[in-house]
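Chains, contacts and geometry: an overview
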Amino acid sequence: MKQVAVITGAASGIGRGMAERFAAEGMIVVLADVEEKPLFRLRDDLQANGATVLAVKTDVANAQDVENLATRTIEAFGAVHILCNNAGVVCSRLIWEHTIADWEWVLGVNLWGVIHGIRTFVPQMLSQKTECHIVNTASILGLIRSPGQGIYKVSKHGVVALSETLADELAQINSLIQVHVLCPGWVQTGILNTERNRPDSLQNPETEVDHDAGTESFIRNAHVEMQAGLSPAEVAEHVVNAIQNGVFYIHTHPEHKPWIQARMEGIIE
């Protein structure tokens, strides 16, 4: 039986990189994304190369959408072997200046999206009694301490803690499911432009969107860093290697490990 891989945030960036790599490995690929046009364009591209693909428009912040994704997947293919909870957005300003709408949007996608994926897919994976893998996309910012990107960091630290607990609890019951948490540094993605997908119901009034000078500087620097980052294909290679070798924390940028060490030493001290 071919392995079935489900990927959220699949239409671009890291999600697309994983989808293309899994398809190249001969897997059946289920693509989920809130952006319809690039989602179905990727489906067509992968199918043209011989892959078996299902594309399902999905807002991961919506529990019913994720449940529909699982239902469509099981109806079509009968199983799920790899789940990549990958969809993510970002919103930048000083942490005390974020609006309720900012918090609801970013946590809804970045953290609740992973929660919905776990709640919906893990029972199905357990029932299969086959080896399965869950890859939750966090960030290097989920492992370190620094100013800036407050909501994003809260969401990604949450994804790391969620992944650690999930892995330990699945091991406790001798499950065949392995968990991995992806903590990349800069990657060439469009995440800095995710406001394009922000729901109308969570938009800020125009009077509340001004950035302070420090945030504007961060955003400019971030665009430069991102252009020099890893390609999504390179990140997908890290993911495949981690799945094959049973690696839990997936680091794409070894040069960032001193940042993690500094935080850990601060906690111990």
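See the structure shown above.
This write-up is about the structure you can find in this document. (Residues numbered from 1 in each chain as written. Predicted model: local features only at pLDDT ≥ 70, side-chain atom pairs only at ≥ 80, totals over all residues. Heavy atoms only, no water.)

Quick word on the sheet that holds strand 3 (residues 53-57)
An order of 3-2-1-4-5-6-7 is seen for the seven strands of this open sheet, with the pairing classed as parallel. Edge positions in the open sheet fall to strand 3 and strand 7 (249-251), since each of these has one partner strand only. Strand after strand, the sheet turns through a mean of 15° between neighbouring axes, direction not considered. Relative to strand 7, strand 6 (residues 177-183) is paired through three bridges, and the arrangement is parallel. Note on strand 7: the bridge partner recorded for Val-181 is Tyr-249. The strands that helix 1 (residues 13-24) touches are strand 1 (4-8), strand 2 (28-33), strand 4 (82-85) and strand 6; relative to strand 1, the one it contacts most, it runs at about 170°. Running over the sheet, helix 6 (residues 150-172) touches strand 5 (132-137), strand 6 and strand 7 and is turned about 160° from strand 6. (Pairing = 2+ DSSP bridges. Helix = DSSP H or I, 4+ residues; strand = E, 2+ residues; numbered from the N terminus. Axes fitted to C-alpha atoms, helices over the stretch in contact; angles between N-to-C directions. Contact = heavy atoms within 4.5 Å.)

A short note on the pattern of salt bridges
Evaluated as defined, the whole model comprises 11 salt bridges. With a shortest N-O distance of 3.1 Å, Arg-43 and Asp-44 are connected by a salt bridge. Judged by its relative accessible area of 39%, Asp-44 falls in the partly exposed class. Among the salt bridges present, the one from Arg-119 reaches Glu-67, with a minimum N-O distance of 2.8 Å. Pair noted here: Arg-119 is in helix 5 (residues 112-128) and Glu-67 is in helix 3 (residues 63-77), with a separation of 52 residues, a long-range link. One connected set of salt bridges, linked through shared partners, spans Arg-93, Asp-102, Glu-195 and Arg-198. (Salt bridge = Lys/Arg side-chain N within 4 Å of Asp/Glu carboxyl O. Buried < 20%, exposed > 50% of the residue type's maximum accessible area, 1.4 Å probe, protein only.)

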